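The lines below spell out each chain.
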Amino acid sequence: MIDRANKLLTIIITLLAVCTVLSVLTIGSFVQADATITETLNIAEARKNMEGPGYRWANRDSVLTLNGVKIDTANAYGLRLPKDCTVILNGKNYIKADKYGLSCSGTVAFKGNGTLIIDAGEAGIYLISQNNTHKIRLLEGNYEINAGKYGVLSEYADFSFVGSSMKINVGDENGLAISGRCVNLLGGSFISNAPVNTSHELVVDGLNINITATESALTSPSLRVDNIKFKNIESYNGESTISGTALKRFHSKSIIFGDDVAGFVDYILLAAFAILVAALIIVPTLMKKRKAKLVVEQLKSQGYISE
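Residues numbered from 1 in each chain as written. Predicted model: local features only at pLDDT ≥ 70, side-chain atom pairs only at ≥ 80, totals over all residues. Heavy atoms only, no water.

**Q** Would you mind showing me how to read the overall build of the chain here?
**A** Scanning the chain from N- to C-terminus turns up 2 helices and 27 strands. For the chain, the proportion of its 307 residues judged to be buried stands at 38%. In the chain, the share of contacts with a sequence separation of at least 24, taken over all contacts with a separation of at least 6, comes to 43%. (Helix = DSSP H or I, 4+ residues; strand = E, 2+ residues; numbered from the N terminus. Buried < 20%, exposed > 50% of the residue type's maximum accessible area, 1.4 Å probe, protein only. Contact = heavy atoms within 4.5 Å.)

Printed below as a string of structure tokens:
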């Protein structure tokens, strides 16, 4: 009996040792990011977990973690993302591609305190979605984009930057730092050598900004610039070169729900709460007044009270 127990214990210890070695090797393959990926990293068509030097894709959770990834390819695309996913930035990450550094097929949220550097022949971040309900949110992280014509390009999907910092350098003298439909620049610092242009709406609120361009730095049919103290000008009025400091910090993380939830959720919740208060207090009061008025009018019509 004792020999059998000893054999069983030996087998268990051996299995535990094997599992430990395998887990160490797995972790090592993810953390070890010295290898350079020379083909398009296509997560957009992933149907199972994927892992390689500097990246890990959790298919069930739709989460891509980048930790020192290096992509340097002559292909048109560097990194392709699917819709409805989250990207976690850790450490320093680099993407270089012939045309588009990073493409998004739909709604994507970027989180983490890492850095993403993109070199692209045409557009650094390309939002290829043709659905204007899709939203790309850079909620955290540092971004440096060197592109031929567009730092960020989006004809339909909304684009918002709420991260720590974004620096865009465009090679084409007629290029744009951001060309989009609806764009929100809401926190951190934003530096570019080209304008930001939108076809519908542009909101610039509570961030440090520095744009040096040859035409109007900010252009949109609906432009709102708030909570920025500009250097040498009282307010933005179509200048090509602007430099300003945030007067009010935008909360990139939720105060109510914590770091895992974006800050703008707090504002949505507060607005919903205000509507609820109005529904519970103001609406019943108005209904009571209306009912009382109807009773008075009925009593007047029946001759019980006079004018």
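Having seen it, we continue.
**Q** How should the sheet that holds strand S25 (residues 241–246) be read in this particular structure?
**A** Spatial ordering of the open sheet is given by S5-S8-S11-S14-S17-S19-S21-S25-S24, a layout of 9 strands whose pairing is mixed. Where the open sheet ends on each side, the last strands, each with one partner, are strand S5 (70–72) and strand S24 (228–230). Each strand axis lies, on average, 10 degrees off the axis of its neighbour in the sheet, ignoring direction. As paired strands, strand S17 (residues 165–170) and strand S19 (residues 189–192) are joined by 4 bridges and run parallel to one another. Its bridge partner being in S19, Met 166 is matched across the sheet by Phe 190. (Pairing = 2+ DSSP bridges. Axes fitted to C-alpha atoms, helices over the stretch in contact; angles between N-to-C directions.)

**Q** Looking at this structure, I do not really get the side chain of Thr 198. What am I missing?
**A** Its place among the elements puts Thr 198 in strand S20 (residues 196–205). Here Thr 198 falls in the buried class, since its relative accessible area comes to 4%. Within polar-contact distance, the side chain of Thr 198 engages the backbone oxygen of Glu 201 at 3.2 Å. (Polar contact = N/O pair within 3.5 Å; in protein donor to acceptor, adjacent residues only side chain to side chain.)

**Q** Could you clarify how one ought to interpret unusual backbone geometry in this entry?
**A** Glycine aside, a negative phi is what most residues show, and trans is what most peptide bonds show. For Asp 84, which is not glycine, the phi dihedral falls at a positive 55 degrees. Here Asp 84 lies in the loop between strand S6 (77–81) and strand S7 (85–90). A positive phi is found at Asn 227, a non-glycine position, where the angle reads about 55 degrees. Along the polypeptide, Asn 227 turns up in the loop between strand S23 (223–226) and S24.

**Q** Explanation requested: the state of the cysteines in the structure shown.
**A** A covalent bond between the sulfur atoms of two cysteines is what we call a disulfide. What the rule picks out here adds up to 0 disulfides. In this model Cys 85 remains outside any disulfide bridge; the closest cysteine sulfur is found in Cys 104, 7.1 Å from its own. (Disulfide = S-S within 2.5 Å.)

**Q** What is the right way to read the packing of aromatic side chains from this model?
**A** Any two aromatic rings considered together are summarised by their centre-to-centre distance and by the angle between their planes. According to the stated counting rule, one finds 4 aromatic pairs in the structure shown. For the pair Phe 110 and Tyr 143, a centre-to-centre distance of 6.4 Å together with 85 degrees between the ring planes defines the contact as edge-to-face. Highlighted residues: Phe 110 in strand S10 (residues 108–111) and Tyr 143 in strand S14 (residues 142–147), separated in sequence by 33 residues. Each member of the pair, Phe 110 together with Tyr 143, is buried. In this structure, Arg 80 packs its charged tip against the face of Tyr 77, placed 5.5 Å from the ring centre. (Phe/Tyr/Trp six-rings, centres within 6.5 Å; stacked < 30°, edge-to-face > 60°. Lys NZ or Arg CZ within 6 Å of the ring centre and 35° of its normal.)

**Q** Explain the pairing of S10 here, please?
**A** Regular strands place their side chains on alternate faces of the sheet. Across 4 bridges, S7 lies against S10 in parallel orientation. The residue bridging Thr 86 from the neighbouring strand is Ala 109, located in S10. As judged from the 3 bridges shared by S10 and strand S13 (residues 135–138), these two strands associate in the parallel manner. Its bridge partner lying in S13, Val 108 is registered against Ile 136.

**Q** What exactly am I supposed to notice about the environment of Lys 96 here?
**A** Here Lys 96 lies in strand S8 (residues 92–97). Sequence-wise, Lys 96 and Asn 146 are 50 residues apart; in three dimensions their C-alpha atoms are separated by 9.5 Å. The contacts of Lys 96, once residues within four sequence positions are left out, are Ile 71, Asp 72, Thr 73 and Asp 119.

**Q** Hey, could you run me through the pattern of salt bridges in this one?
**A** Once the charged atoms of two side chains with opposite charge are near each other, the side chains can pair. Summed over all chains, the structure comprises 5 salt bridges. Close ionic contact of Arg 56 with Glu 51 constitutes a salt bridge, the shortest N to O distance being 3.6 Å. Residue Glu 51 is classed as partly exposed on the basis of its relative accessible area of 35%. One salt bridge connects Arg 224 with Asp 226, and the closest N-O pair in it is separated by 2.6 Å. Residue classification places Asp 226 among the partly exposed positions, given a relative accessible area of 28%. One continuous salt-bridge network, built from bridges that share partners, spans Lys 135, Asp 158 and Arg 181. (Salt bridge = Lys/Arg side-chain N within 4 Å of Asp/Glu carboxyl O.)

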